[in-house]
Amino acid sequence: MEALLFFIGFVGNVISVLVFASPIKTFWRIVKSGSTEGFEPAPYVVTLLSSSLWVYYGITKPDGFLVATVNGVGIVLEAIYVTLFLIYAAPSLRAKTAILVALLDVGIFGAVVLVTRLVVIEETTRVIVIGAICACLNVFMYGSPLAAMKTVIATKSVEYMPFFLSFFLFLNGGIWTVYAVLDRDIFLGIPNGIGFFLGTIQLVLYMIYMNTKVSKHSGEAVEGRSQQQRLLEPDGACRHDEEEGQT
């Protein structure tokens, strides 16, 4: 059982890294243009917080090594994305990004660590508290695919819901749900089970609307809205549902 659990967790690590790396083309575009254009920093700042919390959960929970490693990669990549925002954003957006980082990635993460270390003394209770916080954050973040699916239904086009990103998010939710069931980890199971369910719906919508083209007028309106609707994340990876469609 331990060997099977390790294998599934390893596969989950590989898939999760692909999800974390999905915005690389977007940031390569930002670097080449020297501007963040209409992209928003919030998804990356929140994903950095989520990854940090999951690493904390992974190193606190016995045998949580695989959860910690994949989200450690997430911390590195999301920190790079946030840094590029701070470099290339306009002054007002740069200030907004810095405030978000201070409030979420420093303030909230620091508060969680301090409270769970100073107030929650018993280790088992500490794992439960951290896991519950991580699961709640991920469930909240999984609201973003609903916006993407609403866009697909409204336009009857999957132009702004790239297949491979949806497919890897589907795989990621599925593999980590299996891992959570085998490991009896409800905090991994709930958000990833939701992610697997939503990923399945996305693939069904893709099959339904894959041969339909969105009109130019509708596409421009959707693109403007989709800039505000990005987030996520799998076992800690936040959703970047529309980004690849805009590169």
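Cut-offs applied
- Residues numbered from 1 in each chain as written.
- Predicted model: local features only at pLDDT ≥ 70, side-chain atom pairs only at ≥ 80, totals over all residues.
- Heavy atoms only, no water.
- UniProt positions renumbered as here; feature names shortened; annotations may be inferred.
- Core = buried A, V, L, I, M, F, W, Y, C linked by side-chain atoms within 4.5 Å.
- Buried < 20%, exposed > 50% of the residue type's maximum accessible area, 1.4 Å probe, protein only.
- Contact = heavy atoms within 4.5 Å.
- Helix = DSSP H or I, 4+ residues; strand = E, 2+ residues; numbered from the N terminus.
- Patch = residues over 30% accessible without salt bridge, like charges linked within 9 Å, V, L, I, M, F, W, Y side chains within 5 Å.
- Areas by Shrake-Rupley, 256 points an atom, 1.4 Å probe, with all protein chains shown as cover.
- Salt bridge = Lys/Arg side-chain N within 4 Å of Asp/Glu carboxyl O.
- pLDDT = per-residue confidence, 0-100.
- Polar contact = N/O pair within 3.5 Å; in protein donor to acceptor, adjacent residues only side chain to side chain.
- Phe/Tyr/Trp six-rings, centres within 6.5 Å; stacked < 30°, edge-to-face > 60°.
- Expected span 1.5 Å × (residues − 1).

For the protein chain, the name recorded in an unreviewed UniProt entry is Bidirectional sugar transporter SWEET, with Phoenix dactylifera as its organism. Under Sequence similarities (unreviewed entry), UniProt gives the following word-for-word description of the protein chain: "Belongs to the SWEET sugar transporter family."

A.B. asks: Can you help me understand the nonpolar core in this one?
C.D. replies: A general feature of soluble globular proteins is that nonpolar side chains tend to end up buried together. Core analysis: the biggest nonpolar cluster contains 41 residues, and F27, Y57, F85 and Y179 have the highest contact counts within it. Leave out the neighbours within four places in its chain, and Y179 touches L5, I8, G9, D63, L66 and L188. Judged by nonpolar contacts, the second largest core, of eight residues, contains M149, V152, L198 and L205.

A.B. asks: Quick question: what am I supposed to make of the environment of F140 here?
C.D. replies: For F140, the location among the structural elements is in helix α6 (residues 123-141). Spatially, the C-alpha atom of F140 lies 9.0 Å from that of P191, the residues being 51 residues apart in sequence.

A.B. asks: So what exactly am I meant to see when it comes to a nonpolar patch on the surface here?
C.D. replies: Together, F6, F10, V14 and L18 make up a nonpolar patch on the protein surface, roughly 380 Å² of accessible area in all. In this fold, F10 is placed in helix α1 (residues 2-20).

A.B. asks: Is there a simple way to explain the confidence of the model for the protein chain in this structure?
C.D. replies: When pLDDT is low, close inspection of the predicted coordinates is not appropriate. Here the protein chain shows a mean pLDDT of 83. Residues at 70 or above account for 83%. Segment residues 238-247: pLDDT under 50, and 57 contacts once partners within four positions in sequence are set aside and those in other chains are kept.

A.B. asks: Would you explain the side chain of T177 in this entry?
C.D. replies: Turning to its location among the elements, T177 is positioned in helix α8 (residues 163-183). The class for T177 is buried, based on a relative accessible area of 19%. A polar contact is formed between the side chain of T177 and the backbone oxygen of G173, at a distance of 2.6 Å. Of note is the side chain of T177, whose polar atom sits 3.1 Å from the backbone oxygen of N192. For T177, the residues in contact, after removing those within four places along its chain, are G189, N192, G193 and F196.

A.B. asks: How should I be thinking about the packing of aromatic side chains in this particular structure?
C.D. replies: Between two aromatic rings, the relevant description is the distance of the centres plus the angle of the planes. By the definition in use, this model includes 14 aromatic pairs. Ring geometry for Y44 against F85: centres 5.8 Å apart, planes inclined by 35 degrees, an arrangement best described as tilted. Within this pair, whereas Y44 is found in helix α3 (residues 42-60), its partner F85 is found in helix α4 (residues 65-88), the two being separated by 41 residues in sequence. For Y44, a relative accessible area of 0% corresponds to the buried category. Residue class for F85 comes out buried when judged on its relative accessible area of 0%.

A.B. asks: Before we go on, may I ask you to explain α4 in this structure?
C.D. replies: Because an α-helix completes one turn every 3.6 residues, residues spaced three or four positions apart along the sequence face the same direction. In this model α4 runs 35 Å from its N-terminal to its C-terminal C-alpha over 24 residues, within 8% of the 34 Å that 1.5 Å per residue would give. Each element contacted by the buried residues of α4 is listed here: α1, α2 (24-33), α3, α5 (91-118), α8 and α9 (186-209).

A.B. asks: Got a minute to help me understand α8 in this structure?
C.D. replies: In this model α8 runs 30 Å from its N-terminal to its C-terminal C-alpha over 21 residues, within 8% of the 30 Å that 1.5 Å per residue would give. Within α8 the residues assigned to the buried category are L165, S166, L169, F170, N172, G173, G174, I175, W176, T177, Y179 and A180. Where α8 is buried, its residues meet α1, α4 and α9. R184 lies just past α8 and shows a positive phi near 55 degrees.

A.B. asks: Could you clarify how one ought to interpret the pattern of salt bridges in this entry?
C.D. replies: Opposite charge on two side chains allows them to pair when their charged atoms are near. Taken as a whole, this structure holds four salt bridges when the rule is applied. Notably, a salt bridge pairs R29 with E37, separated by 2.5 Å at the nearest N-O pair. Take R29: its relative accessible area is 25%, and that puts it in the partly exposed class. What makes E37 partly exposed here is its relative accessible area of 39%. The salt bridge partner of E40 is K96, with a shortest N-O separation of 2.8 Å. Linking E40 in the loop between α2 and α3 with K96 in helix α5, this pair joins segments that are 56 residues apart in sequence.

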